[in-house]
Amino acid sequence: MTAARCTHCGSVLTITGCPGQLPLLDPYRDGRQWGTRAQLSHHLGYDVTPAMLNNWRQRDGLERCRIGREVYSPVAQAASIEAAKRLAMEDGGRGRARRLDPSLVAAA
Ligand SMILES: [Zn+2]
């Protein structure tokens, strides 16, 4: 039997569900919330994948901090990188086409 995986982020499910749905951390106690790639994927929405978060860490300067066996990144910084990429895309930038709701396209 293979381990069941989360259909959203691909994490192996535990008895309590997807580890990506665990509460975010505030490791520096400065109000900034940090999460693993799986947590950020859940937090930022259906089309943000753990692989994209890897790219943002490597190419876009997304901060990281290792706590135990996991690497965490700040949710707010990941959200601003995501927003910047989405705006660049709407501006005619190159990159992965985003899945748009057809009703939103029709309304535009
Ligand atoms: Zn998940």
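Residues numbered from 1 in each chain as written. Predicted model: local features only at pLDDT ≥ 70, side-chain atom pairs only at ≥ 80, totals over all residues. Heavy atoms only, no water.

A. Quick look at the sheet that holds strand S2 (residues 65–67). Reading across from one edge, S1-S3-S2 is the order of the three strands in this open sheet, with antiparallel pairing throughout. Here the strands that pair on one side only, and so sit at the sheet edges, are strand S1 (34–35) and S2. Bridge analysis of S1 against strand S3 (residues 70–74) gives two bridges, and the strand direction is antiparallel. Bridge pairing in S3 links Gly-35 to Ser-73. (Pairing = 2+ DSSP bridges. Helix = DSSP H or I, 4+ residues; strand = E, 2+ residues; numbered from the N terminus.)

B. Up close: helix H1 (residues 37–44). For H1, every residue scored as buried is listed here: Ala-38, Gln-39, Leu-40 and Ser-41. Taken together, the buried residues of H1 touch S1, helix H2 (50–59), S3 and helix H3 (75–90). Within two residues after H1, Gly-45 carries a phi angle of roughly 125 degrees, on the positive side. (Buried < 20%, exposed > 50% of the residue type's maximum accessible area, 1.4 Å probe, protein only. Contact = heavy atoms within 4.5 Å.)

C. Quick peek at the coordination of the zinc ion. The protein atoms that coordinate the zinc ion are Cys-6 (SG), Cys-9 (SG), Cys-18 (SG) and His-42 (NE2), at distances of 1.9 to 2.3 Å. Classification of the site at the zinc ion rests on its four donor atoms, whose angles at the metal span 98 to 113 degrees, yielding the label tetrahedral. (Donors = N, O, S within 2.8 Å, 3.2 Å for Na, K, Ca; no water. Tetrahedral: all angles 85-135°; square planar, octahedral: opposite > 155°, others 65-115°.)

D. Here's a closer look at the pattern of salt bridges. Counted according to the given criterion, the structure contains four salt bridges. Here Asp-30 makes a salt bridge to Arg-32, at a shortest N to O gap of 3.6 Å. The salt bridge partner of Lys-85 is Asp-60, with a shortest N-O separation of 3.3 Å. Highlighted residues: Lys-85 in helix H3 and Asp-60 in the loop between H2 and S2, separated in sequence by 25 residues. (Salt bridge = Lys/Arg side-chain N within 4 Å of Asp/Glu carboxyl O.)

E. Highlighting H2. Buried within H2 we find Pro-50, Met-52, Leu-53, Trp-56 and Arg-57. Taken around the axis of H2, the buried residues stretch over an arc of 155 degrees, which confines them to a single face. Facing away from the buried side of H2, by more than 90 degrees, are the exposed residues Gln-58 and Arg-59. Buried residues along H2 sit against S1, H1, S3 and H3. Once H2 finishes, Gly-61 follows within two positions and takes phi at roughly 75 degrees, a positive value. (Arc of directions from axis to C-beta.)

F. Here's a closer look at the environment of Cys-65. Here Cys-65 shows up in strand S2. The exposure class assigned to Cys-65 is buried, which follows from its relative accessible area of 11%. Along the sequence, Cys-65 and Gly-35 sit 30 residues apart, while their C-alpha atoms lie 9.6 Å from each other. Apart from residues lying up to four places away in sequence, Cys-65 is in contact with Pro-27, Tyr-28, Trp-34, Glu-70, Val-71 and Tyr-72.

G. Quick peek at the pairing of S3. As defined by bridge partners, S2 adjoins S3 across three bridges and the pair is classed as antiparallel. Across the sheet, residue Arg-66 finds its bridge partner in S3, namely Val-71. With antiparallel pairing between neighbouring strands as the criterion, S2 and S3 make up a hairpin whose turn holds two residues, including Gly-68 at a positive phi of roughly 65 degrees.

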